[in-house]
Amino acid sequence: MKFCSDCGSPVSLRVPPGDTLPRYVCDNCSTIHYQNPRMVVGCIPEWEDRILLCRRAIEPRHGLWTVPAGYMENGETTFQGALRETLEEANARVEVGPLYALYNIPHINQVYILFRARLLDREVRPGAETLEVRLMTESEIPWDQIAFASVRNTLSHYYEDRRNGEYKFHMGTIENPKKA
Ligand SMILES: [Zn+2]
């Protein structure tokens, strides 16, 4: 951040009085511009023994597969966000079900929140940010072409739970692969 979004003056990175972390503070109007993690909301749309995956038409991970998910918007709830992203990315209508997975991804300042969902019909087609949508059985999941570790982990838990006959909530943290 270089300029204040309130008044257009330059900002400096410094620790405001009483705070513990550096923030972008406006040199002119003193507004503190906090930056906090962003939430990615989405779902696993289920249709009989298949789930709906989308192949990404955008970076990052262009051409790889993921579940419908994207940044939550102001003014919506997590499940409204999941519903909207599923409609935008796959033109798919779902009934959002129980919360299924939460992943902290501290090195990119994101939190993934994924629900299970019931696909209401099979009339799905790619949205603007999607190359291809497909209803896949477990044996068709392209495990080496899943876009994100959070989604890969969620799907492997999903099939494990399905085999055990009970879906449990999963929470985890994705560590920075470059740090290890
Ligand atoms: Zn300002």
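As the structure is a prediction and not an experimental result, all values here were calculated from the model.

Asker: Could you clarify how one ought to interpret the packing of aromatic side chains in this entry?
Answerer: Any pair of aromatic rings gets described here by the distance separating the centres and the angle formed by the planes. All chains considered together, the criterion is met by six aromatic pairs. Taking 6.2 Å as the distance between ring centres and 50° as the angle between the ring planes, the aromatic pair formed by Y112 and F148 counts as tilted. Of the two residues, Y112 is situated in strand 9 (residues 110-119) and F148 in the loop between strand 10 (130-136) and helix 2 (149-164); the sequence distance between them amounts to 36 residues. Taking the relative accessible area as the measure of exposure, F148 reaches 14% and is therefore buried.

Asker: Teacher, can you tell me more about the side chain of R56 here?
Answerer: Looking at the element boundaries, R56 is found in strand 5 (residues 50-56). Reaching out from R56, the side chain makes a polar contact with the backbone oxygen of P60 at a distance of 2.8 Å. Residue contacts for R56: discarding those within four places in its chain leaves R61, H62, G63, L64, T66, E129, L131, A147 and F148.

Asker: Explanation requested: the coordination of the zinc ion in the structure shown.
Answerer: Four donors placed tetrahedrally around a metal ideally meet at 109.5 degrees, and six donors placed octahedrally ideally meet at 90 or 180 degrees. Within the first shell, the zinc ion binds the protein through C4 (SG), C7 (SG), C26 (SG) and C29 (SG), at distances of 2.3 Å. With four donor atoms in place around the zinc ion and angles of 99 to 117° between them, the coordination shape is tetrahedral. One chain supplies every donor for the zinc ion, spaced along it as C-x2-C-x18-C-x2-C. Here the residue C4 occupies a position in the segment before strand 1 (11-14), and C29 occupies one in the loop between strand 2 (23-26) and strand 3 (32-33), the gap between them amounting to 25 residues. C4 sits in the buried class, given a relative accessible area of 4%. For C29, a relative accessible area of 33% corresponds to the partly exposed category.

Asker: Would you mind going over the environment of P177 with me for this structure?
Answerer: By the secondary structure assignment, P177 is in the segment after strand 11 (170-173). The exposed category is assigned to P177, whose relative accessible area is 64%. Between the C-alpha atom of P177 and that of R122, which follows or precedes it by 55 residues, the distance is 37 Å.

Asker: Please explain the sheet that holds strand 1 as it appears in this structure.
Answerer: Sheet strands associate in pairs through backbone hydrogen bonding, adopting either a parallel or an antiparallel arrangement. Read from one edge to the other, the open sheet built from three strands follows the order 1-2-3, with strand pairing classed as antiparallel. Because the sheet does not close on itself, it has two edges, and the strands there are strand 1 and strand 3. Pairing analysis gives two bridges linking strand 2 to strand 3, with the strands arranged antiparallel. Paired with Y24 across the two strands is H33, which belongs to strand 3.

Asker: Mind showing me how you'd approach the pattern of salt bridges here?
Answerer: Any two side chains of opposite charge can pair if their charged atoms end up close together. Using the criterion set out here, one finds 12 salt bridges in the structure. Measuring nitrogen to oxygen at the nearest pair gives 3.0 Å for the salt bridge that ties R84 to E85. As far as burial versus exposure is concerned, R84 and E85 are alike and both buried. With a closest N to O distance of 2.8 Å, E138 and R163 form a salt bridge. Placement of the pair is E138 in the loop between strand 10 and helix 2 and R163 in helix 2, with a sequence separation of 25 residues. The structure contains a network of salt bridges with shared partners spanning E76, R84, E85 and E88.

Conventions adopted
- Residues numbered from 1 in each chain as written.
- Predicted model: local features only at pLDDT ≥ 70, side-chain atom pairs only at ≥ 80, totals over all residues.
- Heavy atoms only, no water.
- Phe/Tyr/Trp six-rings, centres within 6.5 Å; stacked < 30°, edge-to-face > 60°.
- Helix = DSSP H or I, 4+ residues; strand = E, 2+ residues; numbered from the N terminus.
- Buried < 20%, exposed > 50% of the residue type's maximum accessible area, 1.4 Å probe, protein only.
- Polar contact = N/O pair within 3.5 Å; in protein donor to acceptor, adjacent residues only side chain to side chain.
- Contact = heavy atoms within 4.5 Å.
- Donors = N, O, S within 2.8 Å, 3.2 Å for Na, K, Ca; no water.
- Tetrahedral: all angles 85-135°; square planar, octahedral: opposite > 155°, others 65-115°.
- Pairing = 2+ DSSP bridges.
- Salt bridge = Lys/Arg side-chain N within 4 Å of Asp/Glu carboxyl O.

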